[in-house]
Amino acid sequence: MASQEIETLTAALARLPGLGPRSARRAVLWLIKRRETSLVQLVEALAAVRESLVECTVCGNVDTSDPCGICRDPRRDQRALCVVEEVADLWALDRAHLFTGRYHVLGGRLSALDGVRPEDLAIDSLLARIEEGGIDEVLLAMNATLEGQTTAHYIAEKLENKPVRLTQLAHGLPVGGELDYLDEGTLAQAIRARRPVV
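Remember, predicted model here, so these are calculated numbers, not experimental data. (Residues numbered from 1 in each chain as written. Predicted model: local features only at pLDDT ≥ 70, side-chain atom pairs only at ≥ 80, totals over all residues. Heavy atoms only, no water.)

Broken down by element type, the protein carries 8 helices and 7 strands. A principal-axis box enclosing the C-alpha atoms of the protein has dimensions of 65 × 35 × 35 Å. Within the protein, contacts between residues separated by at least 24 positions form 56% of all contacts whose residues are at least 6 apart in sequence. Summing over all exposed atoms, the protein offers an accessible surface of approximately 12,000 Å²; the carbon and sulfur share of this is 55%. Measuring between centres, the 23 positive side-chain charges of the protein sit 6 Å from its 29 negative side-chain charges. (Helix = DSSP H or I, 4+ residues; strand = E, 2+ residues; numbered from the N terminus. Contact = heavy atoms within 4.5 Å. Areas by Shrake-Rupley, 256 points an atom, 1.4 Å probe, with all protein chains shown as cover. Lys, Arg positive; Asp, Glu negative; His and termini not counted. Charge placed at Lys NZ, Arg CZ, Asp CG, Glu CD.)

Here we take up the packing of helix 1 (residues 4–14) against helix 2 (residues 21–33). Relative orientation and spacing of two packed helices are given, respectively, by the angle between their axes and the distance between those axes. Where helix 1 contacts helix 2, the two axes come as close as 8 Å, and the packing angle between them is 125°. Classified by the angle between their axes, helix 1 and helix 2 sit oblique to one another. The element helix 1 and its partner helix 2 pack so that their crossing is right-handed. In this structure, helix 1 uses Ile 6, Leu 9, Thr 10, Leu 13 and Ala 14 to contact helix 2, whose residues at the interface are Pro 21, Ala 24, Arg 25, Ala 27, Val 28 and Ile 32. (Axes fitted to C-alpha atoms, helices over the stretch in contact; angles between N-to-C directions. Parallel < 35°, antiparallel > 145°, perpendicular 65-115°, else oblique. Left-handed = near helix turned anticlockwise from the far one by under 90°.)

Turning our eyes to something else, we now look at helix 7 (residues 146–158). For helix 7, spanning 13 residues, the distance from its first C-alpha to its last is 19 Å, which sits close to the expected 18 Å at 1.5 Å a residue. Those residues of helix 7 not exposed but buried are Gly 148, Thr 151, Ala 152, Ile 155 and Ala 156. When helix 7 is viewed along its axis, its buried side chains cluster within an angular range of 135° and face the same direction. Each element contacted by the buried residues of helix 7 is listed here: strand 3 (77–84), helix 6 (123–131), strand 5 (137–140) and strand 6 (165–168). (Expected span 1.5 Å × (residues − 1). Buried < 20%, exposed > 50% of the residue type's maximum accessible area, 1.4 Å probe, protein only. Arc of directions from axis to C-beta.)

Structurally, Glu 137 can be placed in strand 5. Residue classification places Glu 137 among the buried residues on the basis of a relative accessible area of 7%. Not counting the four nearest positions on each side in its chain, Glu 137 is found in contact with Arg 79, Ala 80, Leu 81, Arg 165, Thr 167 and Arg 194.

Attention now moves to the side chain of Arg 76. For Arg 76, the location among the structural elements is in the loop between helix 4 (69–72) and strand 3. Classification of Arg 76 as buried rests on a relative accessible area of 13%. When sequence neighbours within four positions are dropped, the list of residues in contact with Arg 76 reads Ile 70, Asp 94, Phe 99, Thr 100, Gly 101, Arg 102 and Tyr 103.

Another point: the pairing of strand 3. Residues in a regular strand point their side chains to alternate faces of the sheet. The pairing of strand 3 with strand 4 (residues 101–105) spans 5 bridges and is classified as parallel. Looking across to strand 4, one finds that Val 83 is bridged to His 104. Handedness of the β-α-β unit built from strand 3, helix 5 (residues 87–95) and strand 4 comes out right-handed. (Pairing = 2+ DSSP bridges. Right-handed = clockwise from strand over helix to strand, strands pointing away.)

Looking now at the pattern of salt bridges. A side chain with one charge can pair with a side chain of the opposite charge if their charged atoms come near. Across all of its chains, the model carries 11 salt bridges by this definition. One salt bridge connects Arg 75 with Asp 73, and the closest N-O pair in it is separated by 3.0 Å. On the accessibility criterion, Arg 75 (72% relative accessible area) is exposed. Among the residues examined, Asp 73 registers a relative accessible area of 15% and is labelled buried. Linking Arg 109 and Glu 178 is a salt bridge whose minimum nitrogen-to-oxygen distance equals 4.0 Å. Taken together, the positions of Arg 109 in the loop between strand 4 and helix 6 and Glu 178 in the loop between strand 6 and helix 8 (184–192) put the pair 69 residues apart, joining distant regions of the chain. Residue Glu 178 is classed as partly exposed on the basis of its relative accessible area of 31%. Linked through salt bridges whose partners overlap, the residues forming this network are Glu 85, Arg 109 and Glu 178. (Salt bridge = Lys/Arg side-chain N within 4 Å of Asp/Glu carboxyl O.)

Below, the discussion takes up the sheet that holds strand 5. The strand order across the open sheet built from 5 strands is 4-3-5-6-7, with neighbouring strands paired in mixed fashion. Each end of this open sheet is capped by a strand with a single partner; those strands are strand 4 and strand 7 (195–196). Summarising the sheet, strand 3 and strand 5 pair through 4 bridges and their orientation is parallel. Opposite Leu 81, over in strand 5, you have Val 138 as the bridge partner. Of the strands in this sheet, strand 3 and strand 4 touch helix 5, which is tilted by about 160° from strand 4.

What follows is the structure in structure tokens.
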């Protein structure tokens, strides 16, 4: 039997996505074996992130500065805006280096079953960004789920009379799939084949 502190660490790691109790136990044992190097680095990195983590007031990204690095980057195309459900989706798309514009994180997706309404998402701030002007294209990069497509349709209706070109990721993404789990080749094809929203 491990001490209460080790069991608490194991339980905390087991709550992370992709880790179950067995994987968490293996990770804790690995960290214990390397406590002078890897465990110390992990603790220091977690403490540093905990102290400096902020949500970008412009796009909703999570970073250590506000505005985030993407919003501050002058090389980004100011005229293109990619709307995503979650920060994980933004990171997945940006990791592929295929979209050179800026992002807007909604903070979820519409879901009648879960009680998520338009006012629960960052839709008003999206509309305000578009109202400010300077945006020519809005790419709706919603997950290929029923809720994701409902959210995209709702936003498309809100932007119907705005002077922006509205596009969405091409079909070919797996139905029920989530952007964070897709390989870069699939993401590349989806971005290159984006099409106008009808």
